[in-house]
Structures are given as C-alpha cells and as structure tokens.
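Letter by letter, the chains look like this.
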Amino acid sequence: MIKLLSFIAAVFFISSAVSVGGFSQTSLESFGQSNVTSEIKRESVNSSSNSDMATINVTKTVHCDSSLGIPSDDAICQFVLANVESGQFGMEVTGNISDSTSFQGSSNGTIISVSPGNYTVTEDSFDTMDLENQLGENAIVSMLTETNGDCTGQFNQVDSFQEATGIVKEGENHSCEIINTISVSQGSSPEEP
C-alpha cells in the first residue's frame, strides 16, 4: 500500500513538473488560482469604471413670442404652447456614452450617463408649417434656438442651431438646456371667439 501511494505521489510530482517542448505544464490547482485572480481583477476594473462616469441633465424648454396677433399676442402664445410641447422634440446625446442616448425632450430634464470627455446634444428639427397653417395665411412662424447651462450652442452661417457641445470631467454633473422660442407674426388664433 505504501509503495502504491509512493508511486501515485511520484507520478503526480512528475506530471506537474514535466516540460513539453519548452513549455511548462501547469497543474489544475494553479490554473484555478490564476483564473480566480483574473476574474477579481476584471471585476475591480468594471466597478472602478462606474465611479469614473459623469452625467448630463438635458432639459428641453419651449417659449412663445408673438407680435400683431389676433385677437391678442397672449391668445396666440396660449394656442402655440398648448400645441407644442417639449416631448415633441427628439433629442440625442453623442460622445463618450455608456447608456442609450436617444430620448424625447422633457422640461423636467433627462439625465444621461457619459464617460468623461466631449459630448454633443442635438435635437430633431421641428416643422413649423403645420402651426403656420393653423394660425392663418398671414402668419409667419419661425423658431429661434439657444442654450443655457454647461453646454454651448453651435450655429451655421445663417444662424440656424446645429448642436450644443460641452466637455465633462469625471464625476461632474452637467446641465444643458435647449430653449426653442417659437416666434409668430400676424397670427390669428384658431380658438378666437
């Protein structure tokens, strides 16, 4: 029995120390230890990356400005703001993103998690033609866009809004408000008595 145990111990020792073609053979025990170590390292990297994130609170606001409105400028703006809401604007954040980035605009804001670095906030264009048709044949409707907060508006050569941009650092909480002012000239409220 002792000879058999000695033989098994010798075989085990030789098999764990054998080198084949210059490559050492690793025992299952040491493989298990190295595998566990790499899993722990991977989890550490993933958990530390969550603390490296930043957030951007994107807010969408709609205002109205009216001139020469019938019966009044207030009536025109009441109609416009009753028919155009923040949620009608599709928004998108691009850059160093870790979460879904497309969402509907909200006057309460939408918080997007991002990795540190540059980011861009864009919005879908809004067609004012339907609103113009409802406000009468003399109505002229246009939209002015501006930004507020930690982002900066970018405009083309004819001063049309293109996007808002910013740079966020690790752990920061940015706010970026996109403000659309719908301007109506010579509109007639469809809800006039």
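Criteria and thresholds
Residues numbered from 1 in each chain as written. Predicted model: local features only at pLDDT ≥ 70, side-chain atom pairs only at ≥ 80, totals over all residues. Heavy atoms only, no water. Helix = DSSP H or I, 4+ residues; strand = E, 2+ residues; numbered from the N terminus. Buried < 20%, exposed > 50% of the residue type's maximum accessible area, 1.4 Å probe, protein only. pLDDT = per-residue confidence, 0-100. Contact = heavy atoms within 4.5 Å. Pairing = 2+ DSSP bridges.

Focus on unusual backbone geometry
- The linkage connecting Ile-70 with the following residue, Pro-71, adopts the cis geometry, with an omega of 0°.
- The topology assignment puts Pro-71 in the loop between strand S3 (54-67) and helix H3 (73-83).
- Of note, Leu-68 is a non-glycine position whose phi angle comes to about 60°, a positive value.
- Relative to the assigned elements, Leu-68 resides in the loop between S3 and H3.
- A residue is classified by how much of its surface remains accessible, and Leu-68, at 61% relative accessible area, is exposed.
- In the Ramachandran plot, Asp-159 falls in the positive-phi region, its phi being about 65° despite a non-glycine side chain.
- Position of Asp-159 among the secondary structure elements: in the loop between strand S8 (152-155) and strand S9 (161-168).

Here we look at the confidence of the model for the protein chain
- Confidence in the prediction for the protein chain averages 80 pLDDT; 70% of positions are at 70 or higher.
- Considering only residues more than four positions removed or in separate chains, one finds that residues 9-48, a stretch of pLDDT under 50, has seven contacts.

Let's talk about the pairing of strand S10 (residues 173-185)
- Burial within S10 is extensive, with ten of its 13 residues counted as buried.
- When strand S7 (residues 140-149) meets S10, the two strands line up antiparallel, connected through ten bridges. Across the sheet, Gly-149 pairs through a bridge with Cys-176, a residue of S10.

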